[in-house]
Amino acid sequence: MKRRGFNKMLLGAGLALPAMSLFRDGVAYAQGAAGGLTAIINPEPPVLVLPINQQIPTGTIGGKIYESLLSYDFELKPQPQLAESWEISEDGLTYTFHLAKKAKWHDGKPFTSADVVFSCNVMLKEVHPRARGVFDRCESITAPDDHTVVFKLKAPFGPFLLAFETSSAPMAPKHIYEGTDYRKNPANDTPIGTGPFKLKEWSRGSHIHLVANEDYYLEGQPVLTEIFYKVVPDGASRSVAMETGEAQLSQFADIEPFDVPRLAAMPNLKMTTKGYEFFSPVLWYELNLRKKPFDDLRFRKAARLLLDPKFIVDKINFGLGKPATGPIASTTKFYDPNVTIYKTDVAAANALLDEMGLKKDANGVRTTIKFLVVPFGEFWTRLAEYFRQAMKQGGIEVVLETTDPGGFAQRVSNWEFDTTSNMLYQNGDPALGVARSYISSNIRKGVMFTNTEGYSNKEVDELFDRAAVLTSDKERAELYSKVQKILVDDLPVLWMTEQQFPTIHDARLENAIDTAIGVNGTFGRARWAS
Amino acid sequence: MNDSIRTFLRQPSGLLGLAILFLVCLAAALAPILYPGSPWDMVGAPLQPPGTAGSLLGTDTMGRDIASGILHGASVSLMIGIASTIAALAVGVTLGAIAGYAGGMVDRLIVRFIEIFQTIPNFVLAILLVAILTPSISTIILAIGLVSWPPLARLTRVQVQSIAAREFVQAARCQGLGSMSILLRHVIPNAISPIIVTGSMTVASAILIEAALSFMGLGDPNYMSWGYMIGAGRTVIRMAWWASLFPGLAILLTAVAINLIGEALNDALNPRISRS
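Residues numbered from 1 in each chain as written. Chains lettered and ligands numbered in written order. Predicted model: local features only at pLDDT ≥ 70, side-chain atom pairs only at ≥ 80, totals over all residues. Heavy atoms only, no water.

## With respect to the overall build of chain B
Inclusion rule: Helical segments are the DSSP runs of H or I of at least four residues, strand segments are the runs of E of at least two, and each set is numbered from the N terminus. Here, residues are in contact when the closest pair of their heavy atoms is within 4.5 Å. Computed with a 1.4 Å probe, the accessible areas rest on the Shrake-Rupley method; for each residue, only the protein chains presented here act as cover.
For chain B, the count of helices and strands is 10 helices and zero strands. What you see in chain B, going N to C, is helices and strands ordered as α-α-α-α-α-α-α-α-α-α. With the principal axes as the frame, chain B shows a C-alpha extent of 75 × 50 × 30 Å. Pairs at least 24 residues apart make up 72% of the contacts formed inside chain B by residues separated by at least 6 positions. Accessible area of chain B: about 13,000 Å², with a carbon and sulfur share of 69%.

In structure tokens form, the structure reads like this:
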């Protein structure tokens, strides 16, 4: 072939490509409500057995294969899943669950109460630290008959019903795991769950192929015939895959924040931040309260007045998220908006610093502090730069320090920092995800995600402790309101924003996001609009 | 020497290089006067295109003025380029001169040592050093200096070897001059011109390495540098091309200018090119 001819051919192919992909879009879903879904997964999970590994991508795919006893609506109210109904005794000590009678494991064996007892009392206690923390509160877990399970608690625990989220307590098949080395069981390559989808093929580095579970116990579910999770490690490629319709669903941090507004505006895509209520991460600036001048409330107040959470939402996070007013996220229960509201006020901040006796020197600098930059990407770097510029208005000079991820965790957990930033999941309830950052019994040197700022207040400790063991939501709410007021006035950390994750999906995909764990849910009801 | 200067000035490319470099130096010098604030200050709305709202070259994602960043970044880039080249010259010329003049076992040892460094890719080693030592302006200079000296050492060694064998050096030796004094007074002054040329090129490559390090987020977070600006602007390139284009141009122009000067110096200092 002559070169010119070849070039013409290339040109022709180039012109034909966009047309072809448009055409393919039309074909892929011309099958009514059923049909397949192609979603993005990043990074590739190391294993799909959710009881053994609870990393985010494992939770997303494992959430289709495995289930727990309950699911939760957007207000975090428990809904039936493997448990059809449940009762709580008056004293809040006994929880009785009635299981779905038709539920079966993917290998055809029936799902029974023995599996629940084995999972909660034996297997999860060994391989799942978060589940261990909850189920260790049980005096006994028993199965009076094949479809009833009774949990007896040693003492009441308010958020006990929230412990049955899929990733928090995934049910594992007793007949496969009993008496084996859970982590080395060869069956881990072929996960067996009760969920609406089962694993067909895992082509490592390329995709994970799930197909509908024909024997699923819930009527009319699943609607989709199959789900492909494509592994796309590169951020730009993920955006392109969504743009071209090659993939129809992305979740968590798959799409870089700066690409989200663009994709959200495309007519064939929809963006939602719903479905992360269970996680509800709150972002804050953390000051090491063991050091001067951070131990002085006036300094913390001044720092808070210099900062503007709105800037972080709009400019650093491209509109994702909303300003946080305190320690508890507004998307969870027990949030109380009636707390001291801090408005950005540079003059008031300077007045507070003057009052502390921190004088400005010839260069307008009152004091120099260090900021440990979180080493997890652009977003965290911008956050550090914003902190430095905001503090400068109060004459506080901030020197940024950088480390690698290992060094970061080590320095923060060993309290070797001045200031830094942090973000924690709330896990559905203040007793599960909030208290840990403020109670003094959780000041544990060397452990990350504890009370690393070193805040200690007897009243707060007591309120959190009492609220955890109450079972009435009304009484709990009262105590949590009190604790929120105290904390917001005391500023153990400077809360900035409630972070939101974008779920971007094909505009024709329906019912996928229907619980508080959104993309980690079962997708049993997910369907294509007809 | 006058001849060399004349030859240099006769070359338009060298003059062009000088002119651009002069402008870059001017930018560095004028930065505190034209933009008295810090380049990190958020002066306007984010992502404003060039020419709007008082920002000549637009603003970046945090509302920082790109023009201010480029002017302030000039001094950082030049400082890192020159300081790390001086570090590289100090190590490279010393080791090269010792190896070339002493010969024998010492020479072989030093050459092997140089080869260790030459087998490791420059940039990878620089990343590694900065990552281990934690990024700061001094560790960056150190890292760039450490990866840039081997070519200078080899060049110096060969130059010293060939000059040390000449008659005037032997004459000096016969007159009873000490090794040190021969090396410093007779050998190195005659070997220096190609080293100057290579050294000037090293400045350009040092600026590029620093830019690449900052681009990857391994720069000193307290200094505004061009590489950092591109790295931070890269994420929004589809919305705000100016945030990465202008600092990119600044790096390009500076590197080209220094290379042009290096080429012209090479011609000017080369004794084989006639100066008639």
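Right, picking up where we left off after that structure.
## Side note on the overall build of chain A
Selection criterion: Taken over C-alpha atoms, the radius of gyration is set against a globule rule of 2.2 Å times the number of residues to the power 0.38. To sort residues, take the accessible area from a 1.4 Å probe on protein chains only and compare it with the maximum for the residue type: under 20% means buried, over 50% means exposed, and anything in between is partly exposed. By the counting scheme adopted, Arg and Lys are positive, Glu and Asp are negative, and His together with the chain ends is not counted. Taken as the charge centre is NZ of Lys, CZ of Arg, CG of Asp or CD of Glu, depending on the residue.
Secondary structure summary: chain A contains 15 helices and 22 strands in total. The globule rule puts the C-alpha radius of gyration for 530 residues at 24 Å, and the 25 Å found for chain A is close to it. Each principal axis of the C-alpha atoms in chain A carries an extent, and together these give about 80 × 70 × 40 Å. Across the 530 residues that make up chain A, the buried fraction comes to 55%. Here the analysis covers contacts within chain A between residues at least 6 apart in sequence; of these, 71% occur between residues at least 24 apart. Split by element, the accessible area of chain A, about 21,900 Å² in all, is 54% carbon and sulfur. Both charge centroids of chain A, one from 60 positive and one from 64 negative side chains, sit 4 Å from each other.

## Side note on the interface of chain B and chain A
Accessible area lost when the parts come together is the quantity often used to give the size of an interface. The condition that has to hold: Throughout, buried area stands for the accessible area (probe radius 1.4 Å) lost by two parts on being put together, summed over both. Any carboxyl oxygen of Asp or Glu within 4 Å of a side-chain nitrogen of Lys or Arg constitutes a salt bridge here.
Taken together, the contact between chain B and chain A spans 20 residues of the former and 18 residues of the latter. For the pair chain B and chain A, the two sides together bury roughly 1,700 Å², of which 57% comes from carbon and sulfur. At the surface where chain B touches chain A, the tally comes to four salt bridges. Ionic pairing is found between R238 of chain B and E243 of chain A, a salt bridge with its closest N-O pair at 3.8 Å.

## Quick look at unusual backbone geometry
Residue and element names in this part refer to chain A. In this model, N42 is joined to P43 through a cis peptide bond whose omega is -10°. Structurally, P43 can be placed in the loop between strand 2 (36-41) and helix 2 (56-65). Residue P222 follows Q221 across a cis peptide bond; omega there is -10°. One non-glycine residue, L491, adopts positive backbone phi at about 45°. Relative to the assigned elements, L491 resides in the loop between helix 15 (473-490) and strand 19 (493-498). Since its relative accessible area comes to 2%, L491 is described here as buried. Phi at N511 takes a positive value of approximately 60°, unusual for a residue other than glycine. If you trace the backbone, N511 turns up in the loop between strand 21 (509-510) and strand 22 (527-528). Its relative accessible area of 32% is what places N511 among the partly exposed residues.

## Details of the nonpolar core
Residues and elements named next belong to chain A. Going by this rule: Throughout, nonpolar core names a set of buried Ala, Val, Leu, Ile, Met, Phe, Trp, Tyr and Cys residues whose side chains join them through atoms within 4.5 Å. Each domain's limits were defined by an automated method or a database of domain assignments.
Core analysis: the biggest nonpolar cluster contains 80 residues, and L69, F135, F151, F160 and F164 have the highest contact counts within it. Per-domain counts for this core show at least three residues from each of domain 1 (27-65 + 195-276 + 501-528) and domain 2 (70-177). Each residue touching F164, except ones within four places of it in the same chain, is listed here: S68, L69, L70, Y72, F97, C120, F135, F151 and A169. Formed by 69 residues, the second largest nonpolar core is a distinct cluster that contains A302, L352, I396 and L400.

## Some words on the pairing of strand 20 (residues 503-506) of chain A
Operational definition: A pair of strands is considered paired only if DSSP assigns at least 2 bridges between the two.
Bridge count for strand 12 (residues 249-250) of chain A against strand 20 of chain A is two bridges, and the pairing is antiparallel. The partner of S250 of chain A across the bridge, within strand 20 of chain A, is I504 of chain A.

## With respect to helix 2 of chain A
Residue and element names in this part refer to chain A. Burial within helix 2 is extensive, with nine of its 10 residues counted as buried. Listing the buried residues of helix 2 in full gives P57, T58, G59, T60, I61, G62, G63, K64 and I65. Contact partners of the buried residues in helix 2: strand 2, strand 9 (197-203), strand 10 (207-212) and strand 11 (226-231).

## A short note on the pattern of salt bridges
Inspection of the entire model under this criterion finds 29 salt bridges over all chains. E219 of chain A is the salt-bridge partner of K102 of chain A, the closest N and O atoms lying 3.6 Å from each other. Within this pair, whereas K102 of chain A is found in the loop between strand 6 (94-99) and helix 3 (113-127), its partner E219 of chain A is found in the loop between strand 10 and strand 11, the two being separated by 117 residues in sequence. A salt bridge links K310 of chain A to D314 of chain A; its shortest N-O distance comes to 3.3 Å. Residue K310 of chain A and its partner D314 of chain A are both found in helix 9 (residues 309-316); the two are separated by four residues, about one turn of the helix. Residue class for K310 of chain A comes out partly exposed when judged on its relative accessible area of 44%. Under the relative-accessibility criterion, D314 of chain A is labelled partly exposed at 33%. Among the charged side chains, a salt-bridge network with shared partners connects E378, R382 and E385 of chain A together with D60, R64 and R234 of chain B.

## Brief notes about the packing of helix 3 (residues 66-102) of chain B against helix 8 (residues 179-215) of chain B
Residue and element names in this part refer to chain B. Rules: Only C-alpha atoms enter the line fits that serve as axes; for helices the fit covers just the stretch in contact. Angles between N-to-C directions range over 0 to 180 degrees. Should the near helix be turned anticlockwise from the far one by less than a right angle, the crossing is left-handed, and should it be turned clockwise, the crossing is right-handed. All amino acids are sorted into three groups, where Ala, Val, Leu, Ile, Met, Phe, Trp, Tyr, Cys and Pro are nonpolar, Asp, Glu, Lys and Arg are charged, and the leftover types, Gly among them, are polar.
Relative orientation of the contacting elements helix 3 and helix 8 amounts to 145°, with a least axis distance of 8 Å. The two elements helix 3 and helix 8 meet at a crossing, and its hand is right-handed. Packed against helix 3, whose contacting residues are S77, L78, I80, G81, I82, S84, T85, L89, V93, A97 and Y101, the element helix 8 presents S179, I182, L183, V187, I188, I195, G199, T202, V203, A206, I207 and E210 at the interface. A breakdown of the residues in the contact of helix 3 with helix 8 according to their chemical character gives 15 nonpolar, seven polar and one charged.

## Let's talk about the environment of W242 of chain B
Residue and element names in this part refer to chain B. This is how the line gets drawn: Polar contact is defined as a pair of N or O atoms within 3.5 Å, subject to the rule that within protein one atom must be able to donate a hydrogen and the other to accept it, and that residues adjacent in sequence are counted only when both atoms are side-chain atoms.
Tracing the backbone shows W242 in helix 10 (residues 242-269). Along the backbone, W242 and D60 are 182 residues apart, and their C-alpha atoms lie at a distance of 8.1 Å. With sequence-adjacent residues up to four places away left out, W242 is seen in contact with L47, Q48, P49, P50, L57, G58, T59, I66 and P247. A polar contact of 3.1 Å, which involves the side chain of W242, links it to the backbone oxygen of Q48.

## Some remarks on the sheet that holds strand 8 (residues 148-153) of chain A
Residue and element names in this part refer to chain A. An order of 5-6-8-7 is seen for the four strands of this open sheet, with the pairing classed as antiparallel. Single-partner strands in this sheet number two, and they are strand 5 (83-88) and strand 7 (138-145). The sheet shows a mean angle of 20° between the axes of neighbouring strands, direction not considered. Bridge count between strand 6 and strand 8: five bridges; the pairing is antiparallel. From the neighbouring strand, T94 faces strand 8, where its bridge partner is K152.

## Topic: helix 1 (residues 2-10) of chain B
Residues and elements named next belong to chain B. Heads up, the rule is: By arc we mean the arc of the directions from the helix axis to the C-beta atoms, nothing more.
If you check which residues of helix 1 are buried, you get S4, T7 and F8. In a view along the axis of helix 1, the buried residues occupy a sector of 100°, so they form one face of it. For helix 1, the exposed residues set more than 90 degrees away from the buried face come down to N2 and R10. Contact partners of the buried residues in helix 1: helix 2 (12-34) and helix 10.

## Considerations on the UniProt feature "transmembrane region" (unreviewed entry) in chain B
All names here are of chain B. Quick note on the threshold: UniProt positions are given in the numbering used here, feature names are shortened, and annotations may be inferred rather than shown by experiment.
Mapped onto this numbering, the UniProt entry gives "transmembrane region" (unreviewed entry) at residues 12-35, 78-102, 123-149, 191-218 and 239-261. Secondary structure across residues 78-102 divides into 100% helix and 0% strand, with the first and last C-alpha atoms of the span separated by 35 Å. Taken end to end, residues 191-218 is 89% helix and 0% strand, and its two terminal C-alpha atoms sit 36 Å from one another.

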